[in-house]
Amino acid sequence: MDRPIIIVTGANSGIGFGICHRLLVQLSSNHCEDARPKYPFHDFSSSAEFQVPCDGLTLILACRSRQRAEEAKSQLYQLLDKHISQLRKSPHYDGCADRFRQNLVIAVHLIDLASVRSVFDFADDVTQTYPYVSHLICNAGVICFMKIDWLLCLKQAAKDFMGAMTVPKFFTQSSGRVSADGLGWLWQCNVFGHYALFRALEPHLTKYKGSIGARVIWVSSHEATSEFYNPDDWQLINDNHSYQSSKYQVNLLALRLDREATKHSVPGIPVVRHFSVLPGIVATSIASAMLGPIMSVCMLITFYIVRLLGSPSHLRSVFEAAISTVHLALVPLVYLPAVQPVENPDTKTKASEPAQVGTLYVSQTDRWGTEYVGTMKFVESRAEDTHAKELLAHCDNLFETFCIAQGRKSASG
């Protein structure tokens with residue numbers, strides 16, 4: 001059996017840590033509920049056999065800080081050991097989790113997505129250490145947060161309280177920051193760093209022959225929007241809503257890359273699939289650090305209220321918020337819906353008129369906190385299709401430029 005080798009960026013805290021924790025719990029189980037096709041959006045016409053859990057895993061924590069990553073690694077081992085000790089108390093326990101634990105490797109590899117050299121060094125380290133990569137989970141992200149515009153906050157809350165708590169428009173962001181590579185700093189951290197990482201690891205992803213199939217999962221956000229996006233400022237240097245625009249770009253890239261991967265696929269030859277997921281809205285240590293202790297408590301109370309009022313987007317923990325990512329990582333591909341893009345749209349259609357071209361997978365919850373995976377239609381206008389093509393061309397050209405500048409003969413180094 002080809003055991004999965006999974007990379008998670010930003011794994012030491014927040015959603016990234018929740019993804020790692022949930023992966024360990026699910027893969028150590030003999031039932032692996034997150035991998036089961038059980039939601040309405042699944043294609044149950046498939047006759048494929050359901051894939052059973054693996055008997056081991058290599059989990060790579062891709063982080064900037066070794067100290068924080070090592071602390072997260074220790075905590076993950078402790079959480080899994082505690083989970084296994086609970087399983088052993090069952091009279092029906094079959095030892096599956098203990099076998100998984102014996103074959104589990106959690107490794108720390110350093111990466112700074114704001115440095116192309118660091119991304120290349122990380123990719124070289126991984127390709128020289130491991131025979132293949134099965135999953136790349138692009139989770140790490142930053143925001144140029146400055147302050148809360150309280151007047152705008154009150155106006156939005158009065159007009160649409162649920163919307164204000166789901167897609168807030170009152171967080172003020174700074175602009176103008178440039179990385180040491182001369183690129184838009186936030187854009188490089190949230191978009192190009194992950195794109196360069198995927199391209200550098202792409203040959204290693206194609207080496208994975210496991211039945212589950214190699215995948216790249218792009219973690220997006222409910223705040224993703226083209227509302228503020230200026231295609232002439234595609235590095236988002238002067239964008240005062242750079243976080244929202246960067247997540248919009250993440251969705252565009254995931255859709256375009258998956259379209260390219262499947263367009264010329266040949267039966268029997270595996271391809272690297274791409275999916276975009278929304279982890280929902282959850283209180284994290286990052287948000288607490290930005291808001292401070294008093295506002296963090298207010299945030300938790302508010303999230304509890306909107307969940308009781310019927311919001312499906314506000315989850316209780318990062319473990320629950322990780323369900324969409326882990327589901328997409330483990331479910332057999334044949335059960336996922338395929339939405340065919342319109343390759344030759346009607347030229348009479350307005351450029352701003354959207355059409356469904358894909359699916360976003362979303363972590364959701366009921367009023368009582370039970371998490372599940374839902375979907376949202378991924379709609380794209382002809383203008384946004386142009387944005388996607390242009391963005392991918394920019395990323396490709398920039399990636400090749402850095403490869404040449406740093407003496408790399410090919411994407412694989």
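Residues numbered from 1 in each chain as written. Predicted model: local features only at pLDDT ≥ 70, side-chain atom pairs only at ≥ 80, totals over all residues. Heavy atoms only, no water.

Tell me about the overall build of the chain, and name the residues and values.
Scanning the chain for helices and strands turns up 13 helices and 10 strands. Every one of the 413 residues in the chain was classed for burial, and the buried ones make up 54%. Pairs at least 24 residues apart make up 77% of the contacts formed inside the chain by residues separated by at least 6 positions. Accessible surface, the chain as shown: approximately 18,900 Å² in total, 53% of it carbon and sulfur. (Helix = DSSP H or I, 4+ residues; strand = E, 2+ residues; numbered from the N terminus. Buried < 20%, exposed > 50% of the residue type's maximum accessible area, 1.4 Å probe, protein only. Contact = heavy atoms within 4.5 Å. Areas by Shrake-Rupley, 256 points an atom, 1.4 Å probe, with all protein chains shown as cover.)

Break down the packing of aromatic side chains for me, citing the residues and quoting the values.
With the rule as written, the count across this model stands at 12 aromatic pairs. When the centroid spacing of 5.5 Å and the interplanar angle of 65° are considered together, the rings of F41 and Y361 count as edge-to-face. Of this pair, F41 sits in the loop between α1 (14–27) and β2 (57–63) while Y361 sits in strand β9 (residues 355–365), and the two are 320 residues apart along the sequence. Given a relative accessible area of 2%, Y361 falls into the buried group. Ring geometry for F120 and F399: centres 5.8 Å apart, planes at 75°, overall edge-to-face. Here F120 is found in helix α4 (residues 116–129), whereas its partner F399 is found in helix α13 (residues 382–405), with 279 residues between them in sequence. Within the aromatic cluster, the residues linked to one another by ring pairs are W187, F192, Y195, W234 and F402. A cation sits over an aromatic face here: R22 above F319, 4.8 Å from the ring centre. (Phe/Tyr/Trp six-rings, centres within 6.5 Å; stacked < 30°, edge-to-face > 60°. Lys NZ or Arg CZ within 6 Å of the ring centre and 35° of its normal.)

Tell me about the side chain of K247, residues and numbers included.
Take K247: it is sitting in helix α8 (residues 242–263). The residues contacting K247, other than those within four sequence positions of it, are V219, S220, S221 and A224.

Could you give an account of the pattern of salt bridges, with specific residues and numbers?
Per the stated rule, a full pass over the model turns up 17 salt bridges. Here D81 ties to R101 by a salt bridge, and the two come within 2.7 Å at their closest N and O atoms. Taken as a pair, D81 in helix α2 (residues 66–87) and R101 in helix α3 (residues 96–102) lie far apart in primary sequence, 20 residues in all. A relative accessible area of 34% places D81 in the partly exposed class. Here the salt bridges share partners, and the residues they tie into one network are R256, R259, D385 and K389. (Salt bridge = Lys/Arg side-chain N within 4 Å of Asp/Glu carboxyl O.)

Give a description of the pairing of strand β3 (residues 104–110) that names residues and reports values.
Along any regular strand, the residues point their side chains to alternate faces of the sheet. Counting buried positions over the 7 residues of β3 gives 5, a clear majority of the element. Judged from the 7 bridges that link them, β2 and β3 form a sheet pairing that is parallel. Bridged to C63 within β3 is L110. (Pairing = 2+ DSSP bridges.)

Quick rundown of the nonpolar core? Include the residues and the values.
For soluble globular proteins, nonpolar side chains are generally found buried alongside one another. By size, the foremost hydrophobic cluster in this structure holds 108 residues, and its most contacted members are L59, L61, W187 and F192. With 6 residues, the next largest nonpolar core counts C153, M165, F170 and V306 among its residues. (Core = buried A, V, L, I, M, F, W, Y, C linked by side-chain atoms within 4.5 Å.)

Could you give an account of empty space enclosed by the protein, with specific residues and numbers?
One pass over the structure, following the stated rule, counts 1 cavity of 30 Å³ or more. Approximately 60 Å³ is the volume found for the largest cavity. Lining the largest cavity we find C144, S174, S175, G176, R177, G184, W185, L186, L236, I237, D239 and S242. (1 Å grid on protein atoms, 1.4 Å probe; cavity = no way out; pocket = protein on both sides within 12 Å on 5 of 7 lines; lining within 4 Å. Points joined across faces, edges and corners; volume = space filled by probe spheres on them.)

Before we move on, could you go through the pairing of strand β7 (residues 215–219) and cite the residues and values that matter?
Across the 5 residues of β7, 5 count as buried, placing the element largely inside the fold. On β7, burial covers both faces: R215, I217 and V219 on one face and V216 and W218 on the other are all buried. Inspection of the sheet shows strand β4 (residues 135–138) paired to β7 by 4 bridges, in the parallel sense. In the sheet register, C138 faces β7, and the bridge partner there is W218.

Describe unusual backbone geometry, with residues and values.
Positive phi, normally seen in glycine, also occurs at C32, with a value near 50°. With respect to the helices, strands and loops of the structure, C32 is situated in the loop between α1 and β2. Taking the relative accessible area as the measure of exposure, C32 reaches 3% and is therefore buried. Positive phi, close to 60°, is recorded for L236, a residue that is not glycine. Tracing the sequence through the fold places L236 in the loop between β7 and α8.

An account of the environment of M162 is requested, with residue identities and associated values reported.
With respect to the secondary-structure elements, M162 resides in helix α6 (residues 161–166). Judged by its relative accessible area of 28%, M162 is partly exposed. Each C-alpha atom, one on M162 and one on V306, is 6.6 Å from the other, the two residues being 144 residues apart in sequence. If near-sequence neighbours (up to four positions away) are discounted, M162 is found in contact with V306, L309 and S311.

Tell me about a nonpolar patch on the surface, and please be specific about residues and values.
Residues F161, V297, I301, Y304, I305, L308, L309 and W368 make up a contiguous nonpolar surface patch of about 820 Å² in total accessible area. The element contributing the most residues to the nonpolar patch is helix α10 (residues 293–308), with 5 residues. The residue W368 is located in the loop between β9 and β10 (371–380) in this model. (Patch = residues over 30% accessible without salt bridge, like charges linked within 9 Å, V, L, I, M, F, W, Y side chains within 5 Å.)

Explain the packing of α4 against helix α7 (residues 185–205) to me, using residue names and the numbers behind them.
Remark: α4 packs on α7, axes separated minimally by 10 Å, with the N-to-C direction vectors making an angle of 30°. It follows that α4 is roughly parallel to α7 by the angle criterion. Here α4 runs over α7; the crossing is right-handed. Counted together, V116, V119, F120, F122, A123, V126 and T127 of α4 and Q188, F192, G193, A196, L197, A200, L201 and H204 of α7 form the full contact between these two elements. (Axes fitted to C-alpha atoms, helices over the stretch in contact; angles between N-to-C directions. Parallel < 35°, antiparallel > 145°, perpendicular 65-115°, else oblique. Left-handed = near helix turned anticlockwise from the far one by under 90°.)

So what's going on with α10? Which residues, and what values?
Taking 1.5 Å per residue, 16 residues should reach 22 Å; α10 reaches 23 Å between its end C-alpha atoms and fits that length. Of all the residues in α10, the buried ones are S296, M299, T302, F303, V306 and R307. Each buried residue of α10 lies within a common arc of 130° when the element is viewed along its axis, so the set occupies one face. Summarising the geometry of α10, the exposed residues directed more than 90 degrees from the buried face are P293 and I294. Remark: G310 follows α10 within two positions and exhibits a positive phi of approximately 115°. (Expected span 1.5 Å × (residues − 1). Arc of directions from axis to C-beta.)

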